[in-house]
Amino acid sequence: MLSDPGLEARAREVGQELRCLVCRNQSIDDSDADLAHDLRVLVRQRIAAGDRNDQVIAYIRSRYGDFVLLRPPFESSTVLLWGGPALILLLGGLALARFYRRPPEVPSVPLSPEEQRRLATIVSDGAER
């Protein structure tokens, strides 16, 4: 914790933008992992040294890559990450539409003589009632 409340608020703001590399679904501010603790300390050291928020994030990003960002930038290397969910929904919708528009397949196999006799018996028994 930084003694200056303004700097501490900035450190928490930066911490909410950085992903815990161990937990993967939590920010470093929310994680209890040792690596997240080390990153929180590093963020506070950089802020205490006078770095702006974007400089702190750029420093950590240069060391760990885009994966450390909870909201990675839209770049050519992250197009699939951003467009992947929409692409999956589109392909799933097309598959469902194709499945439901296809007419049901009716078997065209003729009845065997035994099946024809049984059917005739069933129909005649039903007609007598």
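The following refers to the structure shown. Note that the structure is predicted; figures quoted are calculated from it, not measured.

**Regarding the overall build of the protein**
Scanning the protein for helices and strands turns up five helices and zero strands. Rg of the C-alpha trace for the protein: 32 Å, well past the compact-globule value of 14 Å for 129 residues, more than 25% over. In terms of overall dimensions, the protein has a C-alpha envelope of 100 × 35 × 20 Å along the principal axes. Here the protein, with 129 residues, has 23% of them falling under the buried criterion. With an accessible surface of roughly 9800 Å², the protein has 58% of that area assigned to carbon and sulfur atoms. Separation of charge centres in the protein, based on 17 positive and 18 negative side chains, amounts to 4 Å.

**Notes on the nonpolar core**
Soluble globular proteins tend to pack their nonpolar side chains together in the buried interior. By size, the foremost hydrophobic cluster in this structure holds 17 residues, and its most contacted members are V14, L18, I28, V43, I47, V56 and I60. In terms of residue count, helix α2 (residues 34-48) provides more of this core than any other element does, five residues in total. Not counting the four nearest positions on each side in its chain, I28 is found in contact with G15, L18, R19, C20, A36, L39, R40 and V43.

**Details of helix α3 (residues 53-64)**
Taking 1.5 Å of rise per residue, the twelve residues of α3 would be expected to cover 16 Å, and the 17 Å separating its terminal C-alpha atoms lies within 8% of that figure. Packing partners of the buried residues in α3 comprise α1 (5-15) and α2. Two residues or fewer past α3, G65 is found with a positive phi of approximately 85°.

**Some points on the pattern of salt bridges**
For the coordinates displayed, the defined rule picks out seven salt bridges. With a shortest N-O distance of 3.6 Å, D29 and R12 are connected by a salt bridge. Highlighted residues: D29 in the loop between α1 and α2 and R12 in helix α1, separated in sequence by 17 residues. On the accessibility criterion, D29 (16% relative accessible area) is buried. Its salt-bridge partner being E114, residue R117 comes within 2.7 Å of it at the nearest N-O pair. Of this pair, R117 and E114 both sit in helix α5 (residues 113-128), three residues apart, which is roughly one turn of that helix.

Definitions and cut-offs
- Residues numbered from 1 in each chain as written.
- Predicted model: local features only at pLDDT ≥ 70, side-chain atom pairs only at ≥ 80, totals over all residues.
- Heavy atoms only, no water.
- Helix = DSSP H or I, 4+ residues; strand = E, 2+ residues; numbered from the N terminus.
- Rg over C-alpha atoms; globule rule 2.2 N^0.38 Å.
- Buried < 20%, exposed > 50% of the residue type's maximum accessible area, 1.4 Å probe, protein only.
- Areas by Shrake-Rupley, 256 points an atom, 1.4 Å probe, with all protein chains shown as cover.
- Lys, Arg positive; Asp, Glu negative; His and termini not counted.
- Charge placed at Lys NZ, Arg CZ, Asp CG, Glu CD.
- Core = buried A, V, L, I, M, F, W, Y, C linked by side-chain atoms within 4.5 Å.
- Contact = heavy atoms within 4.5 Å.
- Expected span 1.5 Å × (residues − 1).
- Salt bridge = Lys/Arg side-chain N within 4 Å of Asp/Glu carboxyl O.

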